[in-house]
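Residue strings, one per chain:
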Amino acid sequence: MKTDFDVIVIGAGFAGMYMLHRLRGLGFSARVIEAGKGVGGTWYWNRYPGARCDVESVQYSYQFDPELEQEWEWTERYATQPEILKYANHVADRYDLRRDIRFETRVTKAAFDESDKVWLVETDKGDRVVARFVVAASGCLSAPNTPRIEGLADFAGPTYHTGNWPHEGVDFTGKTVGLIGTGSSAIQSIPIIARQARHLTVFQRTANYTIPAHNRPLDPAYVAEVKASYREMRKRAKGLPAGIDLKINMASAIETPDEERRRLYQERWDYGGFGFMAAFSDLLLNDRSNKTAADFVRAKIRETVADPATAEALAPTNIIGCKRLCVDTGYWASFNRPNVTLVDIRDTAIERITPTGLRVKGTDHAFDCLVLATGFDAMTGALLRIDIRGRGGVALKDKWSEGPKAYLGLTMAGFPNLFTITGPGSPSVLTNMLPSIEQHVDWIADCLAAMRQKGATVIEAEKSAEEAWVGHVGESAGNTLRSTCSSWYVGANIPGKPRVFMPYIGGLPAYIERCEAVVAKGYEGFAFG
Ligand code: NA7
């Protein structure tokens with residue numbers, strides 16, 4: 001069968017854009033298929049008020065081209081969604097990417113044809129495209145989770161999902177708003193919605209930990225300093241588990257004297273951001289150590305929130321850092337506003353949405369607008385919403401019925417010539433996504449170039465290599481406290497989803513080392529045809 005392209009790339013977020021750039025550089029023909037009207041992926045869809053990245057802007061950026069690094073100017077410590085989207089568009093323009101992207105088109109099906117060893121890709125616009133390879137750059141947090149709450153369709157007012165926010169924005173001035181969720185999207189948007197709305201009612205199922213961002217405009221002298229030392233900073237970051245350049249204190253929390261421990265937590269709290277969890281090296285390994293950090297944050301909540309009952313309800317009871325830590329600007333203080341009410345629903349699920357609001361514990365809450373800050377079907381959702389079929393017509397959803405199985409988070413046995421960028425089993429969401437994405441893309445690009453050189457047209461993960469990697473991913477997760485709570489890392493937010501810790505927790509350096517060793521050993525664990 002004649003191929004239309006060497007490679008079809010699904011998605012034009014940061015992964016898909018860089019993949020296209022690398023493929024072009026190698027002389028492969030490629031077409032990117034993107035559901036949105038523009039590039040940016042996550043940053044295209046998540047336009048809710050207050051959306052910003054919680055990795056510092058100078059680190060959450062591409063590093064493949066020093067000229068791009070030098071010409072782009074970040075303006076804030078943590079970049080807003082509009083600024084990151086502007087950056088994505090700048091990259092698309094700079095490398096002339098748009099001419100190979102088909103926008104407003106969603107891939108609906110991808111099936112491997114065993115006789116011709118090609119993929120047949122179908123879209124919601126009726127396209128049927130044939131390609132040798134498919135690269136799924138479809139994102140880890142890109143399939144919004146709309147909760148299955150009875151009556152959702154009956155609500156008379158507008159309903160907004162944070163992960164699919166109207167492009168024209170929403171003005172809540174004078175409105176009463178009900179908001180479900182207290183994850184990162186809620187924690188970022190609540191302070192802003194609270195300032196606009198007449199009244200905001202927040203429905204909280206699980207209280208969450210958040211660390212102040214202490215966001216600020218970037219001082220030009222600091223930016224110049226970063227630009228002069230980008231290479232060193234990127235190198236330091238790549239050598240650390242999360243791919244973020246931050247200082248990790250190697251001491252144990254529980255073995256540090258109380259006063260010194262408090263001083264160190266306070267120092268990190270005052271600095272702001274994720275670095276709080278690097279105050280000690282054993283916070284996710286030892287529950288007694290973890291409790292010292294959790295107690296510190298709980299004390300901050302009680303200091304900040306005036307009403308003791310609200311403070312108590314907002315104080316999380318689980319392991320800090322087990323669910324993804326949040327970074328905020330004025331979250332706790334929002335609950336001191338007279339127009340904000342917290343409704344704790346940890347013991348009783350929402351009964352139903354009604355035309356005028358929702359009912360929980362037999363009480364009706366009325367509001368004009370409903371905000372669903374209810375997250376995503378993480379890591380597997382975007383892939384499983386496509387009908388992907390490998391050898392023998394086997395559906396990916398059947399292969400993954402007990403949880404995702406993939407070799408290095410990059411490939412799957414039974415699905416030749418299909419690559420996933422930051423797929424399940426890769427460090428992905430536990431790391432700074434940009435360096436992780438670049439590492440994956442480079443690995444795939446180098447692999448395709450190596451195949452071309454040796455005249456191979458098919459690559460497939462061996463089942464035994466996949467099983468060993470899946471086993472290693474599971475074992476690594478079992479060694480930390482991170483797999484112990486009901487987070488989206490384990491699929492707990494989606495009813496019926498298999499409970500498996502999906503990302504690889506071994507850290508970026510160990511993962512990169514493994515990927516490089518696989519290549520050095522002639523693509524160990526892969527069969528070529
Ligand atoms: P999250 O972190 O998954 O948060 C979703 C929130 O919505 C969370 O508090 C959930 O409670 C809550 N939720 C979900 N379904 C329901 C139902 N049915 N009833 C009540 N509450 C519900 O998503 P975000 O968009 O905030 O953040 C996702 C990631 O994006 C974040 O980690 C960053 O990486 C950026 P739960 O905790 O499940 O009890």
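Before any of the text, the structure's been laid out above.
Quick caveat: nothing in here was measured; it's all calculated off a predicted structure.

Student: What is the right way to read the site of the ligand from this model?
Tutor: Around the ligand, a shell composed of 18 residues is seen, among which T182, S185, R205, T206 and K323 lie nearest. T206 has a polar side-chain atom sitting 2.5 Å from an oxygen atom of the ligand. In the model, an oxygen atom of the ligand is placed 3.2 Å from a nitrogen or oxygen of the A373 main chain. Within the shell around the ligand, the residues separate by chemical class into 7 nonpolar, 8 polar and 3 charged.

Student: Looking at this structure, I do not really get the nonpolar core. What am I missing?
Tutor: In summary, soluble globular proteins display a tendency toward joint burial of nonpolar side chains. Grouped together as the largest cluster of nonpolar side chains are 137 residues, with contacts concentrated most on F14, F172, F276 and W443. Among the elements that line this core, the one with the most residues is helix 14 (residues 433-454), at 10 residues. Setting aside residues up to four positions removed in sequence, F14 forms contacts with W43, Y60, Y62, I84, Y87, A88, L434 and I437. Grouped together as the second largest cluster of nonpolar side chains are 22 residues, A110, W119, W400 and F415 included.

Student: Hey, could you run me through the environment of P158 in this one?
Tutor: In this fold, P158 is placed in the loop between strand 6 (128-136) and strand 7 (159-161). Along the chain, P158 and C369 lie 211 residues apart, while their C-alpha atoms are 5.2 Å from each other. Those residues in contact with P158 that lie beyond four places of it in its chain are D368, C369 and L370.

Student: Just to check I follow, could you spell out the state of the cysteines for this structure?
Tutor: Summed over all chains, the structure comprises 1 disulfide. With no disulfide of its own, C326 lies closest to C485 among cysteine sulfurs, the gap being 12 Å. Note on C326: relative accessible area 2%, which makes it buried. Between C515, a cysteine without a disulfide, and C447, which holds the nearest cysteine sulfur, the sulfur-to-sulfur distance is 11 Å. The class for C515 is buried, based on a relative accessible area of 0%.

Student: Help me out: how do you make sense of the sheet that holds strand 16 (residues 369-372) in this one?
Tutor: Whenever strands of a sheet pair, they do so through backbone hydrogen bonds, lying parallel or antiparallel. The 5 strands are arranged 7-16-8-9-12 in an open sheet whose pairing can be described as parallel. Each edge of the open sheet carries a strand with a single partner, namely strand 7 and strand 12 (340-344). Neighbour-to-neighbour, the strand axes of this sheet turn through a mean angle of 20°, independent of strand direction. Pairing between strand 9 (residues 199-204) and strand 12: 5 bridges, direction parallel. Bridging across to strand 12, T201 finds its partner in T341. Sheet contacts for helix 5 (residues 184-196): strand 8 (176-180), strand 9, strand 12 and strand 16; angle to strand 8, the most-contacted strand, approximately 170°.

Student: Would you mind going over the pattern of salt bridges with me for this structure?
Tutor: A side chain with one charge can pair with a side chain of the opposite charge if their charged atoms come near. If you walk through the whole model with that rule in mind, you get 36 salt bridges. Measuring nitrogen to oxygen at the nearest pair gives 2.7 Å for the salt bridge that ties E73 to K227. Within this pair, whereas E73 is found in the loop between helix 3 (66-71) and helix 4 (81-94), its partner K227 is found in helix 6 (residues 220-228), the two being separated by 154 residues in sequence. Using a relative accessible area of 43% as the deciding quantity, one classes E73 as partly exposed. Its relative accessible area of 14% is what places K227 among the buried residues. The salt bridge partner of R346 is D344, with a shortest N-O separation of 2.9 Å. We classify R346 as partly exposed; its relative accessible area is 38%.

Student: Can you walk me through helix 15 (residues 463-478) in this structure?
Tutor: In an α-helix there are 3.6 residues to a turn, and that puts residues three or four apart on one side. Between its first and last C-alpha atoms helix 15 spans 22 Å; for 16 residues at 1.5 Å apiece the expected length is 22 Å, and the two agree. Buried within helix 15 we find A465, E466, W469, V473, S476 and A477. For helix 15, the buried positions fall inside an angular range of 105° around the axis, keeping them on one side. Exposed side of helix 15, more than 90 degrees from the buried face: K463, S464, A468, E475 and G478 are the residues found there.

Student: Could you clarify how one ought to interpret helix 5 in this entry?
Tutor: Helix length check: helix 5 (13 residues) gives 19 Å between terminal C-alpha atoms against 18 Å at 1.5 Å per residue, within 8%. At I190, helix 5 is deflected by roughly 40°, the largest bend along its length, and proline P191 occurs up to four residues later in sequence. Along helix 5, the residues that are buried comprise S185, A186, I187, Q188, S189, I190, P191, I193 and A194.

Student: Just checking my understanding: could you explain the side chain of T162 for this structure?
Tutor: Residue position: T162 is located in the loop between strand 7 and strand 8. Not counting residues within four places of it along the chain, the set of residues in contact with T162 comprises W45, N46, R47, Y48, S185, V371, L372 and A373.

Student: Honestly, the packing of helix 14 against helix 16 (residues 508-520) in this entry has me stumped. Any pointers?
Tutor: In contact at an axis separation of 12 Å, helix 14 and helix 16 are set at 5° when each is read in the N-to-C sense. Here helix 14 is positioned roughly parallel relative to helix 16, judged by the angle of their axes. Facing helix 14, whose interface residues are S436, Q439, H440 and W443, helix 16 presents L508, Y511, I512, C515, V518 and V519.

Procedures and definitions
- Residues numbered from 1 in each chain as written.
- Predicted model: local features only at pLDDT ≥ 70, side-chain atom pairs only at ≥ 80, totals over all residues.
- Heavy atoms only, no water.
- Near = heavy atom within 4 Å.
- Polar contact = N/O pair within 3.5 Å; in protein donor to acceptor, adjacent residues only side chain to side chain.
- Nonpolar A, V, L, I, M, F, W, Y, C, P; charged D, E, K, R; others polar.
- Core = buried A, V, L, I, M, F, W, Y, C linked by side-chain atoms within 4.5 Å.
- Buried < 20%, exposed > 50% of the residue type's maximum accessible area, 1.4 Å probe, protein only.
- Helix = DSSP H or I, 4+ residues; strand = E, 2+ residues; numbered from the N terminus.
- Contact = heavy atoms within 4.5 Å.
- Disulfide = S-S within 2.5 Å.
- Pairing = 2+ DSSP bridges.
- Axes fitted to C-alpha atoms, helices over the stretch in contact; angles between N-to-C directions.
- Salt bridge = Lys/Arg side-chain N within 4 Å of Asp/Glu carboxyl O.
- Expected span 1.5 Å × (residues − 1).
- Arc of directions from axis to C-beta.
- Bend = angle between axes of the 7 residues up to and from the residue.
- Parallel < 35°, antiparallel > 145°, perpendicular 65-115°, else oblique.

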